[in-house]
Amino acid sequence: MSARRIFARPARFAAIAPYVWMVLFFLVPFAFVLKISLSQTAIAQPPYEPVFDLMAGWEALKTAFAALSLDNFRLLASDDIYVFAYVRSLTVAVTATALLLLIGYPIAYGMARLPRRWQALAMVLVIVPFWTSFLIRIYAWINILQHDGLLNQILLALHLVSQPVVWLSTDSAMYVGIVYSYLPFMILPLYATLAKMEPALEEAASDLGAPPWQVFWLVTFPLSLPGVGAGVLLCFIPIVGEFVIPDLLAGSNSLMIGQTLWLEFFTNKDWPVASAAAIVLLVVLLVPLLLYERLQKRQLEQGR
Amino acid sequence: MRKVLRLSRFNIASLTLGLAFLYLPILILIIYSFNASRLVTVWGGWSLRWYREFFNDRAMIEAAWMSLRVAVSSATIATLLGTLAAIALSRGERFRGRTLFSGMLYAPLVMPEVITGLSLLLLFVALNAERGFWTVTIAHTTLTMCFVAVVVQSRLGSLDRSLEEAAMDLGCDPVRAFLSVTLPLIAPAIVAGWMLAFTLSLDDLVIASFTTGPGSAPLPIRIYSEVRWGVKPEINAICTLVIALIALVIVMASLASKLSSSQGESAAPL
């Protein structure tokens, strides 16, 4: 016990450098986003009116606060493009997460039933694609899905279609890309809970006469809910803000919020509105983020 | 010994299909990088033509070189800071602002990259910093140190504390006990953390786009702007090279952890 206390002091010093770094490069930038979201757009470099100048003294600060405007947020709420972008992002994220659960669950379930030695290998096999570049994996799908790509060639050769099908720049292509990229994030938490499960419970249920689907639905699935929750949140949150996959694989008719933000920032150079949109996105995501944190806390307590 | 449930045909099928789904696209990409033909549709025999093309493409080489430099420097700084953060969180018990500290460390793991990139760009613009190598490195360090902290912290958490306590009972001061007992034990996690940070940085497109300057672009940005205009066989070759590099890093990481775990086993009976 005393040794722990002696250890605690130098360990606290270890916090200093990463603490300062995170405040400087994580917290302070957020203050800037917030500040700029409240300022006016201007055609200048940078393209916004400074809200206040710290050097200008207290009086200037007071007048500046009086001039803070919520115009950018009002614009967001009234502009259909933004409203649609948020709605579309949430719809895509919900659909993709459901698909991921549907595809990832049987894989995780199969992994958990492998003999012990093979489980470690299966886990490595699932993680390795996560290590290979994400952009490259999306690009690999472009190779397959494009007009004269592999998929159309195979379909034509098998005489399943008479003309090449348009796969690229459709929502289906986007879902394939998202499912492909996020699959490890869904499989790993599911596998973690399924592998820990006591096989005797399932055996007992089937000994008592439950058919396999009932064993699964009444015993296995409810017991795996913590893993389901973790996997769903781990996929859902980043998919909402996804930018690269829809940009490369989906059509350009309706944009997700990540793309809209990007366009506003780089093409329209309306930084105040882009900042306001980022803050709204963050607030939207705060609910699942807090849920995730609570889930993790509960799992930690259960683990003890 | 726990009983193992029988593998059903359904289990085997879903595993096979799942792994095929994960690996086939990458495999196809690698095969096509050796295609002599310009068209993806036509197989023109094996050739290294697109690799030669890549090595003659100055802009691409420069982008790859910048990516490598950024990945090495940001992974190194991130490993240093992330390890310190993990020590503070798992050994520091309570200190002022601990909740804020752990919150800041976990937030970037789940936050959309667009927001992280945007906020850092606004900071750099406000500071009037010249954007390029250093701003990208700082941005990548901020993101990847969080991953390092998680990896190292989980290893520290599973470590037997009595080893440190024994060292201190034998007269080591805490810092010495840490350096000679704890650090070797968590070394594999630190190595794994560095590798993860390195590959994440090498891969990052979104944050790099926000934080890089007009003149310099890391490799993913170059690839991205090429890919938007359609498939070019040269990109297949570059992607295969990146995959090979990452595979090398993974093999090295697994060797490092195997080496240290076998050392641990042989040291245990003594």
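Residues numbered from 1 in each chain as written. Chains lettered and ligands numbered in written order. Predicted model: local features only at pLDDT ≥ 70, side-chain atom pairs only at ≥ 80, totals over all residues. Heavy atoms only, no water.

1. Describing the packing of aromatic side chains
Turning to step 1, where the next piece is worked out: Per the stated rule, a full pass over the model turns up 26 aromatic pairs over all chains.
Turning to step 2, where the next piece is worked out: Ring geometry for Phe 243 of chain A against Trp 262 of chain A: centres 4.1 Å apart, planes inclined by 15 degrees, an arrangement best described as stacked. With Phe 243 of chain A in the loop between helix 11 (225-240) and helix 12 (244-249) and Trp 262 of chain A in helix 13 (residues 257-266), this pair connects stretches of sequence that are 19 residues apart.
Turning to step 3, where the next piece is worked out: A relative accessible area of 3% means that Phe 243 of chain A is categorised as buried.
Turning to step 4, where the next piece is worked out: Centroid distance Phe 266 of chain A to Phe 210 of chain B: 5.0 Å. Interplanar angle 35 degrees. Geometry classified as tilted. Residue Phe 266 of chain A is found in helix 13, and its partner Phe 210 of chain B is found in helix 9 (residues 206-211); the two belong to separate chains.
Turning to step 5, where the next piece is worked out: Classification of Phe 210 of chain B as buried rests on a relative accessible area of 1%. (Phe/Tyr/Trp six-rings, centres within 6.5 Å; stacked < 30°, edge-to-face > 60°. Helix = DSSP H or I, 4+ residues; strand = E, 2+ residues; numbered from the N terminus. Buried < 20%, exposed > 50% of the residue type's maximum accessible area, 1.4 Å probe, protein only.)

2. Here's the deal with the interface of chain A and chain B
Turning to step 1, where the next piece is worked out: The interface of chain A with chain B comprises 88 residues on the first partner and 90 residues on the second.
Turning to step 2, where the next piece is worked out: When chain A packs against chain B, the two sides together hide about 8,400 Å² of surface, and 80% of this comes from carbon and sulfur.
Turning to step 3, where the next piece is worked out: Run the count over chain A and chain B and you get zero salt bridges.
Turning to step 4, where the next piece is worked out: Top contributing element to the side of chain A that touches chain B by residue count: helix 1 (residues 2-37) of chain A, with 26 residues. (Contact = heavy atoms within 4.5 Å. Buried area = accessible area lost by both parts, 1.4 Å probe. Salt bridge = Lys/Arg side-chain N within 4 Å of Asp/Glu carboxyl O.)

3. Some words on helix 4 (residues 98-110) of chain B
Turning to step 1, where the next piece is worked out: In this model helix 4 of chain B runs 19 Å from its N-terminal to its C-terminal C-alpha over 13 residues, within 8% of the 18 Å that 1.5 Å per residue would give.
Turning to step 2, where the next piece is worked out: Among all positions in helix 4 of chain B, only Phe 101, Ser 102, Met 104, Leu 105, Pro 108 and Val 110 of chain B are buried. (Expected span 1.5 Å × (residues − 1).)

4. Side note on the packing of helix 3 (residues 58-91) of chain B against helix 8 (residues 174-203) of chain B
All names here are of chain B.
Turning to step 1, where the next piece is worked out: In the contact formed by helix 3 and helix 8, the axes pass within 8 Å of each other and the chain directions differ by 140 degrees. Here helix 3 lies oblique to helix 8, going by the angle between them. Crossing handedness for the pair helix 3 and helix 8: right-handed. In contact with Ser 67, Leu 68, Val 70, Ala 71, Val 72, Ser 74, Ala 75, Thr 76, Thr 79, Thr 83 and Ile 87 of helix 3, helix 8 contributes Phe 178, Ile 190, Gly 193, Trp 194, Ala 197, Phe 198, Ser 201 and Leu 202.
Turning to step 2, where the next piece is worked out: In the contact of helix 3 with helix 8, the residues fall into twelve nonpolar, seven polar and no charged. (Axes fitted to C-alpha atoms, helices over the stretch in contact; angles between N-to-C directions. Parallel < 35°, antiparallel > 145°, perpendicular 65-115°, else oblique. Left-handed = near helix turned anticlockwise from the far one by under 90°. Nonpolar A, V, L, I, M, F, W, Y, C, P; charged D, E, K, R; others polar.)

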